[in-house]
Amino acid sequence: MSEKSLALYGGSPVRSRLLPYGRQLLGNEEIAAVVAVLRSDWLTTGPKVSEFEADFAATVGANYAVAVSSGTAALHLMIAALRFTAGDEVIVPALTFVASANCVAYQHATPVFADVDPDTLLIDPKSVERLITPRTRAILAVDYTGAPCNYFILRELAEHYHLALLADSCHALGAYYHGRAIGSVADLTAFSLHPVKHITAGEGGVITTDNAELAQRLRILRSHGITTDYREREQRGVWEYQMVELGFNYRITDIQCALALAQLRRLPDFLQRRRAIARNYRLAFADFPELTPLAEPVNTNHAYHLYVIRLNLSRLTVGRNTIFRALRAEGIGVNVHYAPVHLHPYYQRIYHTHSGQCPIAESAASEILSLPIFPGMTDSDIADVIRAVQKVISVYTVSH
Ligand SMILES: *Cc1c(COP(=O)(O)O)cnc(C)c1O
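Residues numbered from 1 in each chain as written. Predicted model: local features only at pLDDT ≥ 70, side-chain atom pairs only at ≥ 80, totals over all residues. Heavy atoms only, no water.

The subject of this paragraph is the overall build of the chain. Secondary structure summary: the chain contains 14 helices and 13 strands in total. Over its C-alpha trace the chain gives a radius of gyration of 22 Å, about what one expects of a compact globule, namely 21 Å for 400 residues. Dimensions of the chain, computed from the C-alpha atoms along their principal axes, are close to 80 × 55 × 40 Å. Counting every position in the chain, which comprises 400 residues, the buried fraction comes to 56%. Once local pairs closer than 6 in sequence are excluded, the contacts in the chain between residues at least 24 apart make up 73%. Carbon together with sulfur atoms contributes 52% to the accessible area of the chain, which is approximately 17200 Å² in total. The averaged location of the 38 negative side-chain charges in the chain is 5 Å from the averaged location of its 36 positive side-chain charges. (Helix = DSSP H or I, 4+ residues; strand = E, 2+ residues; numbered from the N terminus. Rg over C-alpha atoms; globule rule 2.2 N^0.38 Å. Buried < 20%, exposed > 50% of the residue type's maximum accessible area, 1.4 Å probe, protein only. Contact = heavy atoms within 4.5 Å. Areas by Shrake-Rupley, 256 points an atom, 1.4 Å probe, with all protein chains shown as cover. Lys, Arg positive; Asp, Glu negative; His and termini not counted. Charge placed at Lys NZ, Arg CZ, Asp CG, Glu CD.)

This is the structure:
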């Protein structure tokens, strides 16, 4: 095929309407649940928040779940609850969403960037160990794409060096590590309820933990650092409250939690669909030396928030960004997750990070492409993605 067949150069596209890389799937039950809250007494923190927290904790096998206004708020409260402050260091992977590192910076602590495993692109425990100093307080692992990190080794390191083990599992609701649900493996785990994630509340986040004291502190921090919430005071007929922490308004509403509760009931179906899409991609691309799906860790159940492929650039005549633009022109909403965090101007300016610091993350970042994956994708959507990838790759394959 010639370049002229590509939509990028005026050829006819595989699809006329852009297929996004992710989107929510809502039904009548979600709509009815939200309407019922609108007719009730409580719009913000009320019975739906508690009900959602109980169901979520049970889903991931944790003792406590605390729901907040976003995944970013969940990450921030994990750091705040542990009282990390200026001078403390938290090790985070270089290849993640900026919020995984920003939560550390919010509390004036220092994010230290670890490199990733060359096959899975998950945080590399060997890199983590090299970065541990007397100031290190925690390891913040990220279950990138929905694949669980190597928690056995990370736990060993955390115990040996007396560190907290934290997880940004915004990609990994429904994933399992050696038979244990993500959400019950680290000391504190953060999830997101953004519309592209496994289940949505519009915006929202959840922290899970087995530690009662931390759960209580998270609840206090969620609402201004105040010991009782408005509903509790109302019920007891008192007005007094005490502020015991410097907290935030990171509350989530009953409206959102009613939506999230209805979504949580559909999680098994959503996961099944994501796994089926991933299986289709894996089979379709098995004979394509020009690209490789990410290696998947053993003994885990992947949650497939993302489906990331790596381009084998030595077999292609163009770089990732041209492939990206060509696929977008074909109507396939591919994306890149992520540019390495330590290379963003803010981190270079404030934390003096630089290129060359995490070579594996940096080179992988120029090869990765996320293909659309979400529960509402039809079989014909999947076929369109596969057809578009084949079309674009065949035009740009190095001839032998
Ligand atoms: C989505 C996401 C977040 C942030 O979640 P929000 O709910 O959008 O604030 C943090 N970390 C990772 C890895 C994410 O994918």
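Moving on: helix 4 (residues 99-106). Judged by how many residues are buried, helix 4 sits mostly within the fold: seven of eight residues are covered. Within helix 4, burial applies to A99, S100, A101, N102, C103, V104 and A105. Looking at the buried side of helix 4, the elements it contacts are helix 3 (71-81), strand 2 (89-93), strand 3 (110-114), strand 4 (136-142), strand 5 (164-168) and helix 12 (345-351). Residue H108 follows helix 4 closely and has a positive phi angle near 65°.

A few words now on the site of the ligand. In the neighbourhood of the ligand, 14 residues make up the surrounding shell, with G71, T72, D168, S192 and K197 lying closest. In the model, an oxygen atom of the ligand is placed 2.8 Å from a nitrogen or oxygen of the H171 side chain. K197 is positioned with one of its side-chain polar atoms (N or O) 2.9 Å from an oxygen atom of the ligand. With the chains in place, 91% of the 380 Å² that the ligand exposes on its own is no longer accessible. Of all the elements, helix 3 adds the most residues to the shell around the ligand, at three residues. Residues that form the shell around the ligand fall into these classes: five nonpolar, seven polar and two charged. (Near = heavy atom within 4 Å. Polar contact = N/O pair within 3.5 Å; in protein donor to acceptor, adjacent residues only side chain to side chain. Nonpolar A, V, L, I, M, F, W, Y, C, P; charged D, E, K, R; others polar.)

The subject of this paragraph is the packing of aromatic side chains. In total, this model carries 15 aromatic pairs according to the counting rule given. On the basis of an interplanar angle of 70° and a centroid distance of 5.1 Å, the ring pair of F56 and F191 is categorised as edge-to-face. Of this pair, F56 sits in helix 2 (residues 47-60) while F191 sits in strand 8 (residues 188-192), and the two are 135 residues apart along the sequence. Neither residue differs from the other here; F56 and F191 are each classed as buried. (Phe/Tyr/Trp six-rings, centres within 6.5 Å; stacked < 30°, edge-to-face > 60°.)

A few words now on the environment of G319. Assignment of secondary structure puts G319 in the loop between strand 12 (307-311) and helix 11 (320-329). Each C-alpha atom, one on G319 and one on I309, is 14 Å from the other, the two residues being 10 residues apart in sequence.

All right, on to the domain arrangement of the chain then. Its domain assignment divides the chain into domain 1 (3-22 + 267-396) and domain 2 (28-264). Placing a centre on the C-alpha atoms of domain 1 and another on those of domain 2 gives a separation of 27 Å. In this complex, domain 1 contributes 40 residues to the contact, which on the side of domain 2 involves 41 residues. At the boundary of domain 1 with domain 2, the tally comes to zero salt bridges. For the interface between domain 1 and domain 2, the tally reads 20 residue pairs in polar contact (both at pLDDT 80 or more). (Domains from an automatic or database assignment. Salt bridge = Lys/Arg side-chain N within 4 Å of Asp/Glu carboxyl O.)

What the seven strands build is an open sheet, ordered 1-9-8-5-4-2-3; its pairing is mixed. The open sheet is flanked by strand 1 (64-68) and strand 3, the only strands paired with a single partner. This sheet shows a mean twist of 25° between the axes of neighbouring strands, independent of strand direction. Across three bridges, the pairing between strand 5 and strand 8 is parallel. Across the sheet, A167 pairs through a bridge with T189, a residue of strand 8. (Pairing = 2+ DSSP bridges. Axes fitted to C-alpha atoms, helices over the stretch in contact; angles between N-to-C directions.)

Before going further, it helps to spend a moment on the side chain of K391. For K391, the location among the structural elements is in helix 14 (residues 379-396). Among the polar contacts made by the side chain of K391, one reaches the main-chain carbonyl oxygen of S12 at a distance of 3.0 Å. Setting aside residues up to four positions removed in sequence, K391 forms contacts with M1, S5, L6, A7, S12, V14 and E330.

If you look at the biggest cluster of nonpolar residues, it comprises 98 residues, and the most contacted ones within it are F52, F56, V128, Y144, Y151, L154 and L166. No other element matches helix 3, which puts eight residues into this core. Counting only domains with at least three residues in this core, you end up with domain 1 (3-22 + 267-396) and domain 2 (28-264). What F56 contacts, discounting residues up to four positions off in sequence, is A65, L173, F191, V206, T208 and L264. Counting 35 residues, the second largest nonpolar core, distinct from the first, contains L316, L327, L371 and Y396. (Core = buried A, V, L, I, M, F, W, Y, C linked by side-chain atoms within 4.5 Å.)

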